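Summary of the model geometry
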Amino acid sequence: MDTEADLFYRQLPKVELHAHLNGSVSFETMETLIKRKPHLNIEHSMTAIRRGQRRSLDECFQVFKVIHQLVDSEEDILMVAKAVIQEFAADGVKYLELRSTPREVTETAHFCFLLTFIFVTKRFLVAVDRRHGPVVAMETVKLAEDFLLSSDGVVVGLDLSGDPTVGHGKDLLSALEKSKNCGLKLALHLSEVPSRRDESELLLNLPPDRIGHGTFLHPEVGGSDSLVDKVCKQNIPIGKSFPFHPPNSKITYLKYFFKHLNIFFYILLTILFLISVLS
Ligand SMILES: CNc1ncnc2c1ncn2[C@@H]1O[C@H](COP(=O)(O)O)[C@@H](O)[C@H]1O
């Protein structure tokens with residue numbers, strides 16, 4: 001049963017700036033998906049990370065592969081996106097930025113349609129999966145550019161994500177530069193693993209409008225002063241994601257944050273952000 005504190009955290013207006021669609025599927029939605037595709041023999045344990053359970057980055061990406069098997073049609077995507085948006089809204093999220101990797105043009109078309117009819121301010125970032133290489137990256141940028149022009153402000157940016165140990169950012173630079181030049185905001189996952197210093201240097205020169213994770217930017221963990229300097233001088237915000245959202249997990253994370261940060265500072269930031277977004 002919800003405690004008074006649970007209620008407080010749920011009702012608190014929140015902004016969600018780093019949600020991967022297929023990483024935000026709830027337990028209930030997953031159950032429906034699993035039932036729809038019994039021939040895949042997928043169990044819940046293969047699609048989620050339980051509270052307190054630890055997995056390596058590699059294992060996380062294995063989980064995404066399983067989820068992608070379950071979410072492979074327009075119908076699935078429509079159901080998942082609708083559920084995810086409703087669940088974020090029920091958790092008190094007032095402004096939501098979703099990211100997702102288009103596997104087919106029609107899938108992305110669906111997102112845009114869907115994102116218009118549920119009452120949360122929603123924005124969408126079209127994601128480039130680095131594993132798919134420069135050609136797909138460029139196609140995705142063109143798709144994102146089309147949506148930037150036609151989605152009435154819903155599509156705002158490009159996300160670079162995917163297994164950070166695969167490929168090199170230098171091969172994606174022209175796609176990312178094109179994206180920036182056509183007015184898409186850039187949210188780049190970088191320095192998620194150690195020994196990617198040269199890649200991070202290159203990507204930070206673009207520069208991105210947001211960094212995803214940036215876990216290994218600091219010299220103490222294998223990054224460098226130059227990386228930290230670039231981030232600070234260019235004032236680039238860093239976003240951490242919690243890629244798997246079992247029910248109420250956002251509330252648990254909030255409790256964790258509030259325990260470690262000044263609660264009033266957080267509330268003030270949220271209110272200021274909401275005022276600037278909604279006005
Ligand atoms: C843990 N840190 C991370 N680092 C990099 N990429 C990540 C990620 N977490 C998620 N993704 C990206 O999001 C996809 C799933 O959502 P969509 O199918 O696009 O909706 C993953 O396949 C991966 O490319």
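For the structure itself, look to the data block above.
Residues numbered from 1 in each chain as written. Predicted model: local features only at pLDDT ≥ 70, side-chain atom pairs only at ≥ 80, totals over all residues. Heavy atoms only, no water.

1. Overview of the environment of Lys-14
Relative to the assigned elements, Lys-14 resides in strand β1 (residues 14-20). Each C-alpha atom of the pair Lys-14 and Arg-54 lies 26 Å from the other, and the pair is 40 residues apart in sequence. Among the polar contacts listed, one links the side chain of Lys-14 to the backbone oxygen of Tyr-9, at a separation of 2.5 Å. Here the side chain of Lys-14 touches Arg-10 through a polar contact of 3.0 Å, landing on its backbone oxygen. (Helix = DSSP H or I, 4+ residues; strand = E, 2+ residues; numbered from the N terminus. Polar contact = N/O pair within 3.5 Å; in protein donor to acceptor, adjacent residues only side chain to side chain.)

2. Quick look at the nonpolar core
Counting 50 residues, the largest nonpolar core has Leu-96, Leu-98, Leu-176, Leu-188, Leu-203 and Leu-204 as the members making the most contacts within it. Among the elements that take part in this core, helix α4 (residues 74-90) stands out by supplying six residues, more than any other. Among all residues touching Leu-188, those that are not within four sequence positions of it are Leu-160, Leu-176, Leu-203, Leu-206, Pro-208, Arg-210, Ile-211 and Gly-212. (Core = buried A, V, L, I, M, F, W, Y, C linked by side-chain atoms within 4.5 Å. Buried < 20%, exposed > 50% of the residue type's maximum accessible area, 1.4 Å probe, protein only. Contact = heavy atoms within 4.5 Å.)

3. Details of the site of the ligand
Surrounding the ligand, one finds 17 residues, the nearest of these being Asn-22, His-68, Ser-100, Thr-101 and Glu-192. Note that an oxygen atom of the ligand is positioned 2.7 Å from one of the side-chain N or O atoms of Asn-22. If the ligand stood free it would expose 520 Å²; the protein chains cover 98% of that surface. Secondary-structure elements contributing two or more residues to the shell around the ligand are α3 (57-70) and β2 (93-100). (Near = heavy atom within 4 Å. Areas by Shrake-Rupley, 256 points an atom, 1.4 Å probe, with all protein chains shown as cover.)

4. Concerning helix α1 (residues 4-11)
The α-helix advances 3.6 residues per turn, and as a result positions three or four apart in sequence lie on the same side. Of the positions making up α1, those classed as buried are Asp-6, Tyr-9 and Arg-10. End-on, the buried residues of α1 take up no more than an arc of 100°, which puts them together on one face. When the buried face of α1 is taken as reference, the exposed residues oriented beyond 90 degrees from it are Glu-4 and Gln-11. (Arc of directions from axis to C-beta.)

5. Examining the packing of helix α8 (residues 197-204) against helix α9 (residues 225-233)
Closest axis-to-axis distance for the α8/α9 pair is 10 Å, and the angle between their directions is 25°. Judged on the interaxial angle alone, α9 and α8 are roughly parallel. Here α8 and α9 pass one another in a crossing that is left-handed. Contacts between α8 and α9 involve Arg-197, Ser-200, Glu-201 and Leu-204 on the former and, on the latter, Ser-226, Leu-227, Lys-230 and Val-231. Each residue belonging to the contact of α8 with α9 can be placed in one class, and the counts come to three nonpolar, two polar and three charged. (Axes fitted to C-alpha atoms, helices over the stretch in contact; angles between N-to-C directions. Parallel < 35°, antiparallel > 145°, perpendicular 65-115°, else oblique. Left-handed = near helix turned anticlockwise from the far one by under 90°. Nonpolar A, V, L, I, M, F, W, Y, C, P; charged D, E, K, R; others polar.)

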